Amino acid sequence: MKLESLELENIRSYAQTSIDFQDGVTLLEGDVGSGKSTVLYAIEFALFGLGDLKAGHVLRHGTDVGSVELALDVNGKKIRIHRALERKKTAKQLPGWIEEDGLRTEYSPEELKVQVLKLLEFRENPSPKATSCIFRYAVFTPQEQMKEILGLKPEERLQTLRKAFGVEEYKTAQEHTALVQRFYREKTREHQGALLDLPEWLDKKNRLEEKKQGQKRQTAQTKDALLQAGRRLEDAQRKIDELEKQALALEKVGAELPLWESRIRDLENQIQNLERQKKESEKQRLEIDQKIAELAGRLQSIPENAAQELGEAEKTFYRMQSELGAAQQKAKEFAQLQNGACPTCGQKIQGSLAERVAHAQEELLAKTRQCEAAKNAYQEARRLRDAWLEQKNVQDRQNDLEAQRERLSQHDLEPDIQRLQNQRLEWQAQRNAKAQDFAAFRDVQNQRENARKARDAEREEESRLQQIQARLDAEARNLEEQLAEAERVIHEKTATQKELEATKRKAAWLEEHFQPALSQIEQHVLRHINDEFNHAFRKHLTTLLESPDVDAEVDDAFTPQIQQQGYEQDWTALSGGEKSALALAYRLALNQLVRQTTPSLQNNLLMLDEPTDGFSKEQLSRMRDTLNAVGAKQVILVSHERELEAFCDQVYLVQKQDGRSTVKAL
């Protein structure tokens with residue numbers, strides 16, 4: 001079996017989607033809850049119908065019709081399967097069709113499943129509510145059931161695998177044999193009883209004829225009472241139908257009440273949020289006012305030309321330093337001339353030298369005082385400049401806070417709060433009007449319940465009379481049979497004795513030869529399957545596990561036996577990734593064994609729903625080797641792990657927005 005395409009219309013979260021499938025590995029990728037697994041369930045629905053699902057759970061909410069159309073290839077035969085759903089009062093399946101090599105035939109939902117089982121050669125229960133064990137264990141296992149088979153009791157697991165491997169027929173044959181044996185035992189007792197009561201038959205015949213006359217009179221009375229009960233039941237049902245219509249109309253009103261309550265609660269939450277925002281805004285304005293007041297206290301009266309004055313004072317200070325240096329040099333030179341001659345050439349100096357030296361010293365002293373004053377003026381100018389800069393920063397911060405306060409003042413939330421409060425009052429009034437209409441629902445319910453009780457009482461009476469009628473009819477037939485049997489009993493005694501002996505011989509052969517042979521054949525087949533299963537299981541598990549310390553095999557009941565570092569370990573004690581690897585290896589081995597016995601699965605279609613739950617990146621990379629080892633011609637993976645894209649031949653991105661899922665090829 002190979003899938004070719006799938007078309008969905010109004011199925012769960014899909015409005016209308018088409019997906020083409022190719023050979024190789026196809027990945028359906030997307031976030032949790034995006035609708036990936038729905039594609040796999042839709043494939044199963046197209047093949048086998050709803051099973052134990054409700055149609056209302058499959059049909060998209062708010063729509064009246066939906067459908068699934070699946071195209072596939074079964075052993076070279078082109079097949080298209082179409083199933084449809086409809087919602088009126090309740091959702092249900094509609095008739096569908098199968099197109100085989102271009103020839104389309106319509107079927108009811110039940111007939112459609114029977115035809116699909118024939119096409120796939122699945123020897124399974126055709127009941128519409130039965131799930132296909134072969135498909136679930138060999139092709140598609142939902143995510144929540146991946147590890148379920150590991151937790152079954154050994155007998156339950158073995159019984160499940162018997163169905164999947166097709167070995168169930170041996171157990172069925174044994175059960176049928178037991179039924180035949182029970183039939184033979186009953187037949188033996190019947191014959192023995194028939195041979196014991198021969199002297200009583202003549203007397204019994206007379207009693208039966210008298211009883212037959214009394215039974216006829218009672219039958220006539222019961223038929224008349226049954227006719228009257230049927231008329232009363234029809235009247236009661238008509239009354240219930242009328243009350244059902246009233247109750248349905250009121251239920252719709254009642255269903256709207258929670259919506260109104262929810263809308264009102266949303267409004268109240270909005271009002272509370274706005275009021276909190278209003279309080280927070282007022283609190284922020286108060287904090288800003290306080291900060292502005294604090295900053296105002298830090299402002300000083302500093303002239304704005306402090307920076308300019310600092311420059312002038314700096315120039316004056318450096319100029320005075322230069323003049324002081326010149327005066328110091330001049331005083332030094334005069335000091336060297338105090339002997340009246342040049343120290344270099346020894347030539348005499350003319351004039352009063354003492355006066356000139358004194359004048360130079362006075363000039364030096366004056367320049368020193370002027371330089372000191374210029375220095376003090378320079379330092380004072382720097383202090384004023386620094387104070388002016390700090391004042392400017394404080395003023396800028398104050399301006400920013402005042403602008404922020406102005407913005408908060410302009411954002412008035414009171415009109416929004418008042419508008420929402422008015423809307424809340426309006427909606428509360430509408431809600432109260434609906435509730436007043438719904439108040440009559442309880443009275444209608446009580447009337448309907450009383451009518452149902454009356455109807456049920458009439459049904460019970462009718463059923464009681466029908467049982468009496470059936471019993472009387474059965475008694476009448478029994479009387480006739482007993483009378484006829486009494487007339488031929490002596491003639492049949494010899495034949496009965498011979499049949500009794502033959503029955504004993506057949507029962508002995510079944511018990512001593514046939515049943516033991518069936519049991520031995522089944523055990524031999526299961527041992528052979530167990531060996532092949534164990535080989536495939538261990539091969540896949542070795543590939544998927546990260547740790548070489550973990551080893552596993554299955555026992556005679558196909559129960560995994562785990563060994564970790566040489567010690568026995570229960571599978572529930574493994575890590576999440578190890579459990580997932582164990583479950584996946586088990587499922588892949590099961591797939592390999594089941595497809596050997598099912599001709600339509602020779603191409604080995606495999607659908608895996610989130611099989612790598614808890615896998616590390618290294619384990620994800622090993623999925624390629626695992627799938628290659630399975631040899632599946634077509635694999636459909638559902639996962640949110642993007643690492644799997646690396647070895648997939650086809651990738652679809654599944655997304656959900658506003659409750660609607662879409663599929664996009666990457």
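Residues numbered from 1 in each chain as written. Predicted model: local features only at pLDDT ≥ 70, side-chain atom pairs only at ≥ 80, totals over all residues. Heavy atoms only, no water.

Student: What is the right way to read the sheet that holds strand β11 (residues 567-569) from this model?
Tutor: Working definition: the strands of a sheet are paired by backbone hydrogen bonds and lie parallel or antiparallel to each other. Reading across from one edge, β9-β10-β11 is the order of the three strands in this open sheet, with antiparallel pairing throughout. The open sheet has two edge strands, β9 (550-554) and β11, and neither has a second partner. Going from strand to strand, the sheet's axes swing by 35° on average, the running direction of each strand aside. Pairing analysis gives five bridges linking β9 to strand β10 (residues 560-564), with the strands arranged antiparallel. (Pairing = 2+ DSSP bridges. Helix = DSSP H or I, 4+ residues; strand = E, 2+ residues; numbered from the N terminus. Axes fitted to C-alpha atoms, helices over the stretch in contact; angles between N-to-C directions.)

Student: Hey, could you run me through the environment of Cys133 in this one?
Tutor: Along the chain, Cys133 falls in helix α4 (residues 133-138). Through-space distance from the C-alpha of Cys133 to that of Thr160 is 8.0 Å; in sequence the pair is 27 residues apart. Not counting residues up to four positions away in its chain, the partners in contact with Cys133 are Glu124, Ala138 and Lys163. (Contact = heavy atoms within 4.5 Å.)

Student: For this particular structure, what's the right way to read the pattern of salt bridges?
Tutor: Note on pairing: side chains with opposite charge can pair once their charged atoms come close. Scanning all chains against the criterion turns up 22 salt bridges. Here Glu29 ties to Arg642 by a salt bridge, and the two come within 3.5 Å at their closest N and O atoms. Of the two residues, Glu29 sits in strand β3 (residues 24-29) while Arg642 sits in the loop between β13 (634-639) and β14 (650-657), which places them 613 residues apart along the sequence. Arg642 gets classed as exposed once you look at its relative accessible area, which sits at 58%. Close ionic contact of Asp203 with Arg207 constitutes a salt bridge, the shortest N to O distance being 2.2 Å. One end of the pair, Asp203, and the other, Arg207, are both in helix α7 (residues 201-297), four residues apart, so they sit about a helical turn from each other. Through salt bridges with shared partners, a single ionic network connects Glu4, Asp73 and Lys78. (Salt bridge = Lys/Arg side-chain N within 4 Å of Asp/Glu carboxyl O. Buried < 20%, exposed > 50% of the residue type's maximum accessible area, 1.4 Å probe, protein only.)

Student: Mind showing me how you'd approach the pairing of strand β6 (residues 91-100) here?
Tutor: One face of the sheet, then the other: side chains in a regular strand alternate in exactly this way. Of the pairings in the sheet, the one linking strand β5 (residues 77-87) to β6 comprises eight bridges and is antiparallel in character. Within β6, the position partnered with Ile81 by the bridge is Ile98. Count of turn residues in the β5/β6 antiparallel hairpin: three residues. Taken together, the five bridges between β6 and strand β7 (residues 103-107) define a ladder with antiparallel strand orientation. Bridging from a neighbouring strand, Glu100 pairs with Leu103 of β7. In sequence, β6 turns back onto β7 through a hairpin of two residues, with Asp101 there showing a positive phi of about 55°.

Student: Would you mind showing me how to read the packing of aromatic side chains here?
Tutor: Two aromatic rings, taken as a pair, are described by how far apart their centres are and by the angle between their planes. This structure, assessed with the given rule, holds eight aromatic pairs. For the ring pair Phe533 and Tyr586, a centre distance of 4.9 Å and an interplane angle of 70° mean the geometry is edge-to-face. You can see Phe533 sitting in helix α11 (residues 440-544) and its partner Tyr586 sitting in helix α12 (residues 576-596), a full 53 residues away along the chain. Ring pairs connect the aromatic residues Tyr41, Phe48, Phe122, Phe135 and Phe140, which therefore count as one cluster. Cation over ring: Arg12 sits above Tyr41, and NZ or CZ is 5.2 Å from the ring centre. (Phe/Tyr/Trp six-rings, centres within 6.5 Å; stacked < 30°, edge-to-face > 60°. Lys NZ or Arg CZ within 6 Å of the ring centre and 35° of its normal.)

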